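Per-entry structural report
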Amino acid sequence: HGRADAVNPSEQLAGALATAAGTTVLGTMIALLAERGSQRLKRPLNMLALLPIITPPFVVGLGLILLFGRAGLVNQLLEWAFGIQPTRWFYGLFGVWLAQMFAFTPIAFMIMRGVVQGISPSMEEAAQTLRASRIKTFTTVTLPLMKPGLANAFLVGFIESIADFGNPIVVGGQYAVLSTDIFFAIVGAQ
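First, a word on what this report is: a plain description of the structure on this page. Note that the structure is predicted; figures quoted are calculated from it, not measured.

1. Brief notes about the packing of helix H5 (residues 93-118) against helix H7 (residues 134-163)
Their axes nearest at 9 Å, the elements H5 and H7 cross at an angle of 155 degrees. Judged on the interaxial angle alone, H7 and H5 are roughly antiparallel. For the pair H5 and H7, the sense of crossing is right-handed. Along the contact surface, H5 presents Gln100, Phe104, Ile107, Ala108, Ile111, Met112, Val115 and Val116, while H7 presents Met146, Gly149, Leu150, Asn152, Ala153, Val156, Glu160 and Ser161. Broken down by class, the residue content of the contact of H5 with H7 amounts to 11 nonpolar, four polar and one charged.

Quick look at the structure:
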């Protein structure tokens, strides 16, 4: 199976922006859950945040191939249950995006956890004392205080996505990114 001829910059930019936005939103939601939610969740979520640091970069891609690849569990289940023939639908931009979401969300979580810890709960309590709903409190108090952290998490997610090599090489298929094109140019593979 061959690779694409060249990187499509707008496609890679769109993928990196989608990864950055997705990881920022998910990381923020998990951080809010860990810091403002049940104390039982705090330890497991903190353990989850360490996974991308201690695992090699291609492990997420390999795990997703075992689930969604042509011979993966999901495709085999769909073939067994509904007679849907397995295809290579997972390989490409969607597969790279999904792998990067799993790989980089814990990084956004660690960034946003520090931001949420830095916001005093008394500010939110004061807004609710003044009869603001939870949504109004979040949009007028919490979210504005998190803006610098959100920008930081977004930029880190974007840069990680652009620089990622492991996930595009494993699940990219015909989808070429800058890092894989540089690798193939140096190695001389076709």
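2. Some words on the nonpolar core
Judged by nonpolar contacts, the single largest core of 17 residues is most densely connected at Ala31, Phe109, Ile111, Met112, Val116, Met146 and Ala153. With residues near it in sequence (within four places) discarded, Met146 still touches Thr28, Leu32, Met112, Val115, Val116, Ile119 and Phe138. In terms of nonpolar packing, the next biggest core, distinct from the first, is built from nine residues, Leu64, Phe68, Val96 and Leu98 among them.

3. Thoughts on H7
Counted at 1.5 Å a residue, the expected span for H7 with its 30 residues is 44 Å, but the 38 Å between its end C-alpha atoms falls short. A maximum bend of about 55 degrees is found in H7 at Lys147, where proline Pro148 lies one to four positions downstream. Within H7, burial applies to Thr137, Val141, Thr142, Met146, Gly149, Leu150, Ala153, Gly157 and Ser161. Looking at the buried residues of H7, the elements they touch are helix H1 (9-36), H5 and helix H6 (121-129).

4. Focus on the packing of aromatic side chains
This model, assessed by the stated rule, comprises eight aromatic pairs. Here the aromatic rings of Trp89 and Phe94 are separated by 6.0 Å at their centres, their planes lie at 35 degrees, and the arrangement is tilted. Given the relative accessible area of 39%, Trp89 is considered partly exposed. The interplanar angle of 70 degrees and the centroid separation of 5.9 Å between the aromatic rings of Phe90 and Tyr91 together place this pair among those described as edge-to-face. Following the ring pairs from residue to residue traces out a cluster consisting of Phe68, Trp89, Phe90, Tyr91, Phe94 and Trp97. Positioned above the aromatic ring of Tyr91 is the side chain of Arg88, whose terminal nitrogen or guanidinium carbon lies 4.7 Å from the ring centre.

Quick notes on the rules
- Residues numbered from 1 in each chain as written.
- Predicted model: local features only at pLDDT ≥ 70, side-chain atom pairs only at ≥ 80, totals over all residues.
- Heavy atoms only, no water.
- Axes fitted to C-alpha atoms, helices over the stretch in contact; angles between N-to-C directions.
- Helix = DSSP H or I, 4+ residues; strand = E, 2+ residues; numbered from the N terminus.
- Parallel < 35°, antiparallel > 145°, perpendicular 65-115°, else oblique.
- Left-handed = near helix turned anticlockwise from the far one by under 90°.
- Contact = heavy atoms within 4.5 Å.
- Nonpolar A, V, L, I, M, F, W, Y, C, P; charged D, E, K, R; others polar.
- Core = buried A, V, L, I, M, F, W, Y, C linked by side-chain atoms within 4.5 Å.
- Buried < 20%, exposed > 50% of the residue type's maximum accessible area, 1.4 Å probe, protein only.
- Expected span 1.5 Å × (residues − 1).
- Bend = angle between axes of the 7 residues up to and from the residue.
- Phe/Tyr/Trp six-rings, centres within 6.5 Å; stacked < 30°, edge-to-face > 60°.
- Lys NZ or Arg CZ within 6 Å of the ring centre and 35° of its normal.

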